[in-house]
Structure formats: C-alpha cells, structure tokens
Amino acid sequence: MEYSPIYQNLHFVSSSHVRNKLFVFCIMLSLWVYMIYCCVGYCSTMPSLMVGTASSKHSQHLETVDPNRTQPRLQNEGDLESEHQEDPLDSLDPLFGASSRDVLNNESDLDSRGGEDWDEIRSEQRTLDNNVVSSLFNESGPVESKKLPQAIIIGVKKGGTRALLEFLRVHPDIRAVGAEPHFFDRNYDKGLEWYRDRMPETQEGQITMEKTPSYYVTKDVPARIHTMSPDTRLIVVVRDPVTRAISDYTQTRSKKPDIPSFESLVFKNRTTGLIDTSWSAVQIGMYAKHLERWLQYFPKDQLLFVSGERLISDPAGEMTRVQDFLGLRRVVGHKHFHFNPAKGFPCLKRPEGNSKPHCLGKTKGRIHPNIDPEVVQRLRDFYRPFNRRFYQMTGHDFGWGSWS
C-alpha cells in the first residue's frame, strides 16, 4: 500500500508541529525551574529573625472557674493532681494536702498551639516549605533532620516562657517549635516518634527546643523526661508567686468577665485567712514543692532558673545566662532589644537597620485588677516559707518581697 504525496505532506506537517510544541514546553519548564531556584536562593539570604504579628486565631490558653467550688476539677494546665500522697514537701505546710482546683477552661487551647501573640506556626511552615524546595536543588547542602529536644522550657505559666522562647529563637543555633506539644503531660501515650515529628528540622550543631509551662507542676513529667534523656537541659522561668497568681487570674478574667473575685477564690475562709491551695493559680507558685520532684531525677546543674522580672528589666543579662547554660555563643544581646514603655516589656528588633521592633501582642502586659492590699499581704505571708525554701534549693535569692 502506498501513501499519496498529499498524505505524506500532512504527516510531515503534523509531526513538525508536535515537535515544536514539545520544544517550547521544555523551554518554559526550564525557565520555571530556574525561577524557583532563584527564589529559593533569595529567601535563604533573608535575616533569620522572623517574628510574626499578633493573630486573632491564636488565643491564650485560659482557665474555667467553677463558681460553686464544690468539686475539684482538673483541666488543661498540666492536670495538677492531689499532692498529698507521697509528696516529700508535705511536711513543710499542712495546706499541701489539698487537692488541686484548676480554673482552666477547654476553649480551643490555642495557646498550646503557639500563642496568640506570635505567628510562629506560619513561620515554621514557611521555613519547612523552603527547606523542602531547597532540598530539590541543593542536594549538597547541610543535612537536616528532626531530633528529640535537648533542652526544654518546663515552666512556669505566666512566668515569661513565651518571651524567653522568642528571644531564644533569634539565635542561629536554636530551633524551637512554637506550639506547645504537651507531650509529657497530655500526649505521652502517642510515643516518642509522634513527639519527634512535632519538632523542627535541625542541622548538626543546632539545639532543638520546646516549651510547655505545665510540665513543671505535673507529677509524672520529671520521670518521663528522664526516661527520654537523662541529659536534657531544663529551663524554668519564675516570677514573684503573688504577681504570678494575679496575672493568672487576670488572664482568666479577660475571657470570663463573670468569674468570682480574686479575693473569693484565693481563700477557703476569708475570716480565718486560710489560703485555698487547691486553686491552681495559688498552687503553681509553690515552686519549692514542685522542684523537689525534679531534683529526684535531675541534678541541680541541669536546671536553670530564669528570673521573670529580670527578663523584663535586663533581657540581655538573662539571655547571657541562658546562652551560657546551653553552651551557645553569646549572640543575643543588648542590640536585639528595645524596651517599650507603653507595654512595659522589651521588644525584639533586628540589630541592623531601623526596622520597627516586634513586640508581644496585646494580651501581654494586661493591667492587673486592684486587689485588696490585705489580701495581697496574706498571700505574701503564705508564700514566704515556700520562697525561702526555693531560694535554698536553687542557691539564688530572687528578692520577692514587695508587690506593685
């Protein structure tokens, strides 16, 4: 069978047309790949300090008040348990026998997902996306992998843990997950691989970190962290327990305006002045009581106690202590901070240029309610023996005495 000249010409034209299309497609594909490569290279040169802005979707983890106070309810903030069983510090004060009455609610628990003040979740996702794309074109670059944390900020709530984490994330040798994993107190049954998967990818020589403030007051956590790694470095941010309790209450009231007064919650009996140690806002501030458990599993030199007050008044000084504790170069210093007098705490800034400092969001630095001075003094008297014991155990006098 023979093809006609007309058919042969048509076949030739069709084949040539297809080849031209394929050639154009290959050129377009090459240009697209080259553009992605250029974008990835540009992103890699950007400064590492990326602090997100406040997000309305990330609201603070709060506590639900039980106005009737008839049944102790444990929710969310580390499930503070009844501490009267086998607690070595029970003899310090008979009030330790009370069970915990937590006032946390179950509203979304968004603070455990990274806090409402910093957009770290989105920032981490952007970093992860860049790493994935970059790996396609830069196979010879540094190898990154997810590791279990070598250091953990274990407490305390309303002590300044969010600020410390953000300060640390400025350091190039620190990679920290923004969302609170709550692995050792709420998700332990999911296993270490689940926990590892929550961590950011790190290069050789970088330290992986996380922070979950409820760890410090949760009974089973010290043993669980020790089982994971007895060499884990632990950081505790503490502040005046009276101020901390009022701040805790202020946070709750911002979401639950109809909760009982601070005075009615802090006392079991206002007439006798008996403090209600089952209220978590009070119980968390008994730092010595909780520290005793940690020292059963970790030597004191593996714990660093950061002053929440000094983290505000002298952030560079406290960051020097933290960097030395973690064996890091002293990178984060005075040049990274700008004090905001309106908010009353330091903000992060890039050392170079005149860019606007990035501050914690509007939920930080809330104005505390006016508390009856007599109530404050009774609470201060209550904490005095605990503070004295805490100073002895840590070898550091935090100077908690006056309240303003």
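- The protein chain carries the name Sulfotransferase in an unreviewed UniProt entry, which gives Oncorhynchus mykiss as its organism.
- Annotation of the protein chain in UniProt includes, under Sequence similarities (unreviewed entry), the sentence "Belongs to the sulfotransferase 1 family."

Some points on the packing of aromatic side chains
Phase 1: Scanning all chains against the criterion turns up 23 aromatic pairs.
Phase 2: Plain terms: the ring middles of Phe167 and Phe337 are 4.8 Å apart, the flat faces sit at 75° to each other, and that makes the pair edge-to-face. Of the two residues, Phe167 is situated in helix α3 (residues 161-168) and Phe337 in strand β10 (residues 337-340); the sequence distance between them amounts to 170 residues.
Phase 3: Stacked on the ring of Trp194, the Lys or Arg Arg198 has its end atom at 4.6 Å from the ring centre.
Phase 4: Geometry around Phe325 places Arg233 over its ring, the cationic atom sitting 4.8 Å from the centre.

Points about the pattern of salt bridges
Phase 1: Under the criterion given, the structure shown has 19 salt bridges.
Phase 2: The residue Arg162 makes a salt bridge to Glu166 at a minimum N-O spacing of 3.3 Å. Here Arg162 pairs with Glu166, and both are found in helix α3, just four residues apart, close to one helical turn.
Phase 3: Judged by its relative accessible area of 5%, Glu166 is buried.
Phase 4: Ionic pairing is found between Arg321 and Glu318, a salt bridge with its closest N-O pair at 3.1 Å. Taken together, the residues span about one helical turn, with Arg321 and Glu318 both in helix α11 (residues 315-325) at a distance of three residues.
Phase 5: Via salt bridges that share partners, Arg310, Asp314, Glu318 and Arg321 belong to a single interconnected network.

Definitions and limits used
The residue numbering used here restarts from 1 in each chain and proceeds along that chain's sequence as written. Local features are withheld for residues below a pLDDT of 70 in this predicted model, meaning they are given only at 70 or higher, and side-chain atom pairs are given and counted only at 80 or more; totals for whole chains, interfaces and linings count all residues. The basis for every side-chain value is the complete set of non-hydrogen atoms in the structure, without hydrogens or water. UniProt positions are given in the numbering used here, feature names are shortened, and annotations may be inferred rather than shown by experiment. Side-chain rings of Phe, Tyr and Trp (the six-membered ring for Trp) are treated as a pair once their centres are within 6.5 Å; stacked means planes under 30 degrees apart, edge-to-face means over 60, and tilted covers the remaining angles. Secondary structure follows DSSP: runs of H or I at least 4 residues long count as helices, runs of E at least 2 residues long count as strands, and numbering of each begins at the N terminus. By definition, being over a ring means that NZ of Lys or CZ of Arg is both within 6 Å of the ring centre and within 35 degrees of the ring normal. A carboxyl oxygen of Asp or Glu within 4 Å of a side-chain nitrogen of Lys or Arg is what we treat as a salt bridge. When a residue's accessible area, from a 1.4 Å probe over protein chains only, is under 20% of the maximum for its type it is buried; when over 50% it is exposed; and in between it is partly exposed.

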